[in-house]
Amino acid sequence: MSKKLTISSIKKSKGNTPLVMITAYDALFSKLVSDSADMILVGDSLNMSFAGKSDTISATLEQMIYHTNAVCAGAPESFVICDMPFGTYVDAQSALLNSIQVFQQTQADCVKVEGGEDKAHIVKHLTDNGIAVCGHIGLLPQSVRSEGGYKVKGKTLEEKEQLLRDAKAIEEAGAFCMVIEGVKADVAKEVASSVSIPVIGIGAGVDVDGQVLVFSDMLGLFEEFTPKFVKKYMDGATLVRYAVGKYADEVSNREFPKEEHTY
Ligand SMILES: Nc1nc(=O)c2c([nH]1)NC[C@@H]1CN(c3ccc(C(=O)N[C@@H](CCC(=O)O)C(=O)O)cc3)CN21
Ligand SMILES: CC(C)C(=O)C(=O)O
Ligand SMILES: [Mg+2]
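Just so you know, these numbers come straight off a predicted model, no measurement behind them.

The rules behind the values
- Residues numbered from 1 in each chain as written.
- Chains lettered and ligands numbered in written order.
- Predicted model: local features only at pLDDT ≥ 70, side-chain atom pairs only at ≥ 80, totals over all residues.
- Heavy atoms only, no water.
- Near = heavy atom within 4 Å.
- Polar contact = N/O pair within 3.5 Å; in protein donor to acceptor, adjacent residues only side chain to side chain.
- Areas by Shrake-Rupley, 256 points an atom, 1.4 Å probe, with all protein chains shown as cover.
- Domains from an automatic or database assignment.
- Contact = heavy atoms within 4.5 Å.
- Buried area = accessible area lost by both parts, 1.4 Å probe.
- Nonpolar A, V, L, I, M, F, W, Y, C, P; charged D, E, K, R; others polar.

Enquirer: Which parts of the structure should I look at to understand the site of ligand 1?
Expert: The full set close to ligand 1 counts 17 residues, and Met48, Val152, Glu181, Asp217 and Phe225 are the nearest of them. A distance of 2.9 Å separates an oxygen atom of ligand 1 from a polar backbone atom of Val152. At 3.5 Å, a side-chain N or O of Glu181 approaches a nitrogen atom of ligand 1. The fraction of the free accessible surface of ligand 1 (680 Å²) that becomes covered by protein chains is 75%.

And the structure:
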C-alpha cells in the first residue's frame, strides 16, 4: 500500500471498495503482502500454522508481541492489528494492561479481541484509554473448547438477533471496525448494513465491507486446514516440496553447487 491507512480513513472507507486484510506472522511475509493488503493481522492463528498447535488457546501475549514486532519491521508502512490471545482480556483492567504492553513493545496500530455484547465493556475500557480496537464476532476460535468445535453462526433467528446486538454493542463501545467470522452470508450482510463501521468477513460471504484470510491458507501452505471458506490462490505446498526435492536431488548428485556458486 502506498499510503498507510489510519483509524479514521478505515472508518470512512465504509461503503467504498472492500478492505483487504491478510495475516502475516513474520517480516518476510509482511513485506510481501504489504504491496496489496490494506491491513495486516498478526493473528493468534499463528499458534496453529506457525507453532504447530491444534488450536489458538495456548498462544501467549509474549508470542504475539514477538511476531507483531517482526511483522511491523517488515511492513513499516502498513496498518497492523495484533490479536489479543486467549486469557489476556478476561476483564477490563487486565485487557488494558495487556494492550498497553502491546502498544509499548510494538508498533501495532490496534488490538483485536473476540466477543460481542458480553465483551463490550472491555472494548469500551480500551478505546477510552487510547487503544484502538478491532472487534471479532460470530465464530470465535478462542471459544473452540467451550463450544465443542467450530460452529457457523447465524443459522437461527436467535443467533441472528444476537449477532446484530453484538455488532451494535461493539460499535457503541468504540471499535473502529470488526471481523465477522463463520456467519451465514445473508446474516453477515444484514449485520454489516446495521452498523456504520467496516465489518470484515471471513467465511461470511461477499456482502460485507472487506475480507480477511490467513496467508498460509490462501497460499496453499497450510495443508491440514481446508475449510470451505478458504480459496487457494497458490499451491504453495506443492511448489515448496518440488523446489526442496530438486535441491536435495542436486546435492545428492553433486549438481549443486556449480562453478557460479563457488568461490
Ligand atoms: N490457518 C488458520 N486459518 C484460519 O482461518 C483460522 C486458524 N488457522 N486458526 C484460528 C481460526 C480457526 N478457524 C476455523 C477453524 C475451523 C473451521 C471449521 O472447521 N469450519 C467448518 C464449518 C463448521 C460448521 O459448518 O459449523 C468447515 O468445514 O468449514 C472454521 C474456522 C479460523 N481461523
Ligand atoms: C482468522 C482471523 C480473523 C484471526 O483471528 C486469526 O488469524 O487469528
Ligand atoms: Mg484470531
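Anyway, onward from the coordinates.
Enquirer: What is the right way to read the domain arrangement of the chain from this model?
Expert: The accessible area lost on association of the parts is a frequent measure of interface size. Under the domain assignment used here, the chain contains domain 1 (7-232) and domain 2 (235-263). On the side of domain 2, five residues touch domain 1, which itself brings four residues to the contact. Buried surface at the junction of domain 1 and domain 2, both sides included, amounts to about 320 Å², of which 46% is carbon and sulfur. Ranking the residues of domain 1 by area buried against domain 2 places Gly220, Leu221 and Glu223 at the top, with a combined share of 75%. Applying the counting rule to domain 1 against domain 2 returns three residue pairs in polar contact (both at pLDDT 80 or more). Its residues assigned to classes, the side of domain 1 that touches domain 2 shows two nonpolar, one polar and one charged.

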